[in-house]
Amino acid sequence: MAANPGARDSVDTRLRVGARPATTSPHSATADAPLILSGATVVLPTGTVQDGRVIVDGTRIAGAAPDNAQVLDVTGFTLVPGFVDIHNHGGGGASFTSGTVEDVLKGIHTHRRHGTTTLVASTVTGDMDFLAHRAGLLSELAEQGDLAGIHFEGPFISPCRKGAHSESLLRDPDPADVRKLVDAARGQARMVTLATELPGGLDSVRLLAEHGVIAAIGHTDASYEQTVEAIDAGATVATHLFNAMPPLGHRDPGPIAALLEDERITVELINDGTHLHPAALELAFHHARADRVAFITDAMDAAGFGDGRYMLGPLEVEVSEGVARLVEGGSIAGSTLTLDRAFKRAVTIDRLPVEDVVTAISANPARLLGSYGEIGSLEPGKYADLVLLDSAFDLKGVMRRGTWVVDPQLG
């Protein structure tokens, strides 16, 4: 935690009573050694604190420093909460939809090294039995804490707005089919993306709401009125707003207007410079404000891996200069984005306040997952998940649950 001036004085007094903590090297900081990260600009829910500190004791952020705490001077750097990605299909050459357990862990680790300390694994459209089997594998990783849950993107989406999903495998959102996937996830289903205008859509939204699973409107051809109806039924998230839905029209506003104007909706945004024009991003922040935006990656296997040919479900994807498109048809096929790049772009190119970016990339997705009491901000009692950034907002260190995933690079 970065203390306010008064709180910091009290901690410093306590430290002076005992032996003065020795400055530690980054590599000696572990979950077993209490650590004070001192001198940084620290972004808190209440605002940004200059010359602040975060105290790590075990896996948690502490409110006061133990007498045996070591000190790491991170003056000139910025500390923000670990990033939370609720929409991610893979990375490091590994797919969450089709890879082995080892592949999935490789993808998780790839994104952790880019600051994502909490991640929900997203699937793509597939055969129902295959998706149910996949849910079983992913739920085991969620149960042991490697994942924060499962997001089913498809098969309950519109063929008119299918994007990089196999049309032959799409189906209407029959509540019985939706329930099958939720049950297969053994309590680890966090979100299901639906085209709610399709037959069974509204009943499926209600079913998901009853089971505590986020109903997300996406890959949809819904009208404005149909979208309002879905929100009233319990939908709370817009899957990658603007993408895979009708554009905003002055006579037929479509889903975008309904999703932006309703206070009950959190809108996902892919801030990679490809999926959204900067003006669209600005429009979303202007209408939804920072407290209703969640930055996501929508990443596929190529994230953190490189250009080449990949498979996204049953569809072949060509990644060129970091942009993923279907080989057949050329539709954008997810992204190669990592959240550290989304953070830097938001601050340096989109000129968003750092506090707003932290809200969108950490706090809001944590709230959606019902985990804000544990993650999403740098507050005492929460997990010690944090990202260290330099003055150019490049990532220089990542800590997850009190252990460095990326050792601080302070030189």
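This text follows the structure it describes.
Before going into details, it helps to say that this report is about the structure given with it. (Residues numbered from 1 in each chain as written. Predicted model: local features only at pLDDT ≥ 70, side-chain atom pairs only at ≥ 80, totals over all residues. Heavy atoms only, no water.)

## A closer look at the pattern of salt bridges
Pairs may arise between side chains of opposite charge once their charged atoms sit close together. Under the convention used in this document: Salt bridge, as used here: a side-chain nitrogen of Lys or Arg that lies within 4 Å of a carboxyl oxygen of Asp or Glu. Counting from the N terminus, the helices are the DSSP runs of H or I reaching at least four residues and the strands are the DSSP runs of E reaching at least two. Burial classes follow relative accessibility: with a 1.4 Å probe on protein chains only, a residue under 20% of its type's maximum area counts as buried, one over 50% as exposed, and anything between as partly exposed.
For the coordinates displayed, the defined rule picks out 16 salt bridges. Close ionic contact of Glu-374 with Arg-60 constitutes a salt bridge, the shortest N to O distance being 2.3 Å. Linking Glu-374 in the loop between helix H10 (354–368) and strand S19 (386–389) with Arg-60 in strand S3 (residues 60–62), this pair joins segments that are 314 residues apart in sequence. The partner of Arg-186 in a salt bridge is Glu-143, and the shortest N-O contact between them spans 3.2 Å. Residue Arg-186 is located in the loop between helix H4 (175–184) and strand S11 (189–194), and its partner Glu-143 is located in helix H3 (residues 128–143); the two are separated by 43 residues in the primary sequence. Given the relative accessible area of 42%, Arg-186 is considered partly exposed. Residue Glu-143 is classed as partly exposed on the basis of its relative accessible area of 45%. Sharing partners across several salt bridges, the network here consists of Asp-232, Asp-262 and Arg-264.

## Considering the sheet that holds S11
Condition: Strand pairing follows a simple DSSP-based rule, namely that at least 2 bridges must link the two strands. The contact criterion used is simple: two residues touch if any of their non-hydrogen atoms lie within 4.5 Å. Angles here are taken between N-to-C directions and fall from 0 to 180 degrees, while the axes themselves are lines fitted to C-alpha atoms, restricted in helices to the stretch in contact.
Taking strand neighbours across the sheet as the criterion, the eight strands line up as S6-S9-S10-S11-S12-S13-S14-S15 in an open arrangement whose pairing is parallel. Two strands close off the open sheet at either side, each with one partner strand: strand S6 (83–88) and strand S15 (293–296). Along the sheet, H3 contacts strand S9 (116–123) and strand S10 (150–153); its crossing angle with S10, the most-contacted strand, is approximately 160 degrees.

## Points about empty space enclosed by the protein
Applied cut-off: Method remark: on a 1 Å grid restricted to protein atoms, a set of points is classed as a cavity if a 1.4 Å probe fits but cannot get out and as a pocket if it is open with protein on both sides within 12 Å along at least five of seven lines; lining residues have an atom within 4 Å of a point. Grid points are joined across faces, edges and corners, and a volume is the space filled by probe spheres set on the points.
For the structure shown, the criterion picks out one cavity of 30 Å³ or more. Of the pockets and cavities examined, the largest cavity occupies roughly 30 Å³. Forming the boundary of the largest cavity are Ile-86, Val-120, Arg-190, Met-191, Ile-214 and Leu-369.

## So, the pairing of S10
Side chains Ile-150 and Phe-152 of S10 all project onto a buried face; the interleaved residues His-151 and Glu-153 project onto the opposite face, where all are buried too. Here S9 pairs with S10 via three bridges, running parallel. Within S10, the residue paired with Ala-121 across the bridge is Ile-150. With four bridges joining them, S10 and S11 adopt parallel strand pairing. For His-151, the partnering residue across the bridge sits in S11 and is Met-191.

## As for the sheet that holds strand S18 (residues 323–326)
Strand order in this open sheet of three strands is S16-S17-S18, and the pairing throughout is antiparallel. Each edge of the open sheet is held by one strand with a lone partner, namely strand S16 (308–312) and S18. Pairwise comparison of adjacent strand axes, ignoring direction, gives a mean angle of 35 degrees for this sheet. Here strand S17 (residues 315–320) runs beside S18; their pairing, made up of four bridges, is antiparallel. Residue pairing in the sheet places Glu-318 in a bridge with Arg-325 of S18.

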